[in-house]
Amino acid sequence: MLAALIFDIDGTMAETERDGHLVAFNDAFDAHGLPWHWSVEHYSELLQITGGRERLLYDMARRKETPTDSSGRESMARALHAEKNRRYGRIVERGGILLRPGVTRLLREAQAAGVRLAIASTTSRVNADALLGAQIGRDWQQHFAAVICGEDAPQRKPDPQCYLRCLEALDLDPDEVVAIEDSPNGLAAANAAGIATLVTRSVFFASHAYPGAMAVCDGLEDPAVPAPNLAGARPARVDLAQLREWHAAWGEPVQAAA
């Protein structure tokens, strides 16, 4: 039985990477007088690395304007990341980032049906609070039975640590929940924790394949393609009833062709 939905945040609940984090990173570089500018194409490559500070460190290792020693680069990355988070918060406060279509609807459907909500994200808690506080309300955490952010699970996706800790906080088994993700690393993390996963592709991962996903769509209000072992037509949108149907069939053995 489906007892909980576990949401990723960045890219899944909102297009935060394109509309927020990338803009804020470039603003932070300007504020620190650095001649850097991450293009959409370069940022798309950097998204293969999970975690904003981790992306910074990866990129900084290839730039001449950074300290040569690891401790110096780490200190510089912390300062840039903190500046980026401040600027991201301002973007969110101005209403520059909205929840993706269908997210609010699905949250309400789950709550009305007694299905618990949770978050398993590698984003920092301050960024989660900025976005969800602006879009759901300052009491947003009261709507979620568990909230696992980057500070709570330092092993980044595709490592399953954040999902395993979320399951522990919910006191549920993997087969009692569905994860909602947007990226290959997110899907890999949820799958490694044994969780059936719906992928709602974000703009940076629109062309990726998602083997192992329970179903894939471009958004909750768009047609979804279920995994080959799940029977039924492609639904016009993803709602709680459809998730329950897929989840119930997900663990069933695949029937061999006659």
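This write-up is about the structure you can find in this document. (Residues numbered from 1 in each chain as written. Predicted model: local features only at pLDDT ≥ 70, side-chain atom pairs only at ≥ 80, totals over all residues. Heavy atoms only, no water.)

Another aspect to go through is the sheet that holds strand β2 (residues 116-120). Strand order in this open sheet of seven strands is β3-β2-β1-β4-β5-β6-β7, and the pairing throughout is mixed. The open sheet has two edge strands with one neighbour each: β3 (146-148) and β7 (224-226). Looking at each pair of strands side by side, their axes are set apart by 20 degrees on average, direction ignored. Inspection of the sheet shows strand β1 (residues 4-7) paired to strand β4 (residues 177-181) by four bridges, in the parallel sense. Bridging across to β4, L5 finds its partner in V178. Against the sheet, helix α5 (residues 103-113) engages β1, β2 and β4, with an angle of about 155 degrees to β1. (Pairing = 2+ DSSP bridges. Helix = DSSP H or I, 4+ residues; strand = E, 2+ residues; numbered from the N terminus. Axes fitted to C-alpha atoms, helices over the stretch in contact; angles between N-to-C directions. Contact = heavy atoms within 4.5 Å.)

Take the side chain of K157 next. Inspection of the secondary structure puts K157 in the loop between β3 and α7 (161-170). On the basis of relative accessible area, K157 is assigned to the buried category, the value being 5%. Polar contacts involving the side chain of K157 include one to the main-chain carbonyl oxygen of A120, which spans 2.9 Å. Residues in contact with K157, not counting those within four places in the same chain, are D8, T50, A120, S121, T122, C162, Y163, E181, N185, G186 and A189. (Buried < 20%, exposed > 50% of the residue type's maximum accessible area, 1.4 Å probe, protein only. Polar contact = N/O pair within 3.5 Å; in protein donor to acceptor, adjacent residues only side chain to side chain.)

It is worth spelling out the state of the cysteines at this point. Here the structure, examined in full by the defined rule, presents zero disulfides. Of the cysteine sulfurs around C149, a residue in no disulfide, the closest is that of C162, at 9.7 Å. With no disulfide of its own, C166 lies closest to C162 among cysteine sulfurs, the gap being 7.9 Å. (Disulfide = S-S within 2.5 Å.)

Using the criterion set out here, one finds 17 salt bridges in the structure. K157 is paired through a salt bridge with E181; the nearest N and O atoms lie 2.7 Å apart. With a gap of 24 residues between them, K157 in the loop between β3 and α7 and E181 in strand β4 connect regions that are remote in the sequence. We note that K157, like E181, is buried. Residues joined by salt bridges that share partners form a network here, namely R53, E54, E74, R78 and R156. (Salt bridge = Lys/Arg side-chain N within 4 Å of Asp/Glu carboxyl O.)

What follows is about the packing of helix α3 (residues 52-60) against helix α4 (residues 70-93). For the pair α3 and α4, interaxial distance at closest approach is 9 Å and the crossing angle is 130 degrees. Taken together, α3 and α4 sit at an angle that is classed as oblique. Both α3 and α4 take part in a crossing whose hand is right-handed. Facing α3, whose interface residues are G52, R53, L56, L57 and M60, α4 presents R73, E74, M76, A77, R78, L80 and H81. (Parallel < 35°, antiparallel > 145°, perpendicular 65-115°, else oblique. Left-handed = near helix turned anticlockwise from the far one by under 90°.)

What follows is about the packing of aromatic side chains. Counted under the stated rule, the structure contains eight aromatic pairs. Between F25 and Y43 the ring centres are 6.3 Å apart and the planes differ by 55 degrees, which places this aromatic pair in the tilted class. Here F25 is found in helix α1 (residues 16-31), whereas its partner Y43 is found in helix α2 (residues 40-46), with 18 residues between them in sequence. On the accessibility criterion, F25 (1% relative accessible area) is buried. Aromatic rings pair up to connect F25, F29, W36, W38, Y43 and F204 into one cluster. The ring of F25 has K84 lying over it, and the distance from NZ or CZ to the ring centre is 5.0 Å. Taking the ring centre of Y88 as reference, the NZ or CZ of K84 above it sits at 5.9 Å. (Phe/Tyr/Trp six-rings, centres within 6.5 Å; stacked < 30°, edge-to-face > 60°. Lys NZ or Arg CZ within 6 Å of the ring centre and 35° of its normal.)

Here we come to the pairing of strand β5 (residues 196-200). Of all five residues making up β5, five are buried, and the element is well covered by its neighbours. Covered by surrounding structure in β5 are A196, L198 and T200 together with T197 and V199, the residues of both alternating faces. As paired elements, β4 and β5 share four bridges and run parallel to each other. Note on β5: the bridge partner recorded for E181 is V199. Crossover β4 to β5 through helix α8 (residues 184-192) is right-handed. Sheet topology places β5 next to strand β6 (residues 215-217); three bridges connect them, and they run parallel. Along β6, the bridge assignment pairs L198 with A215. (Right-handed = clockwise from strand over helix to strand, strands pointing away.)

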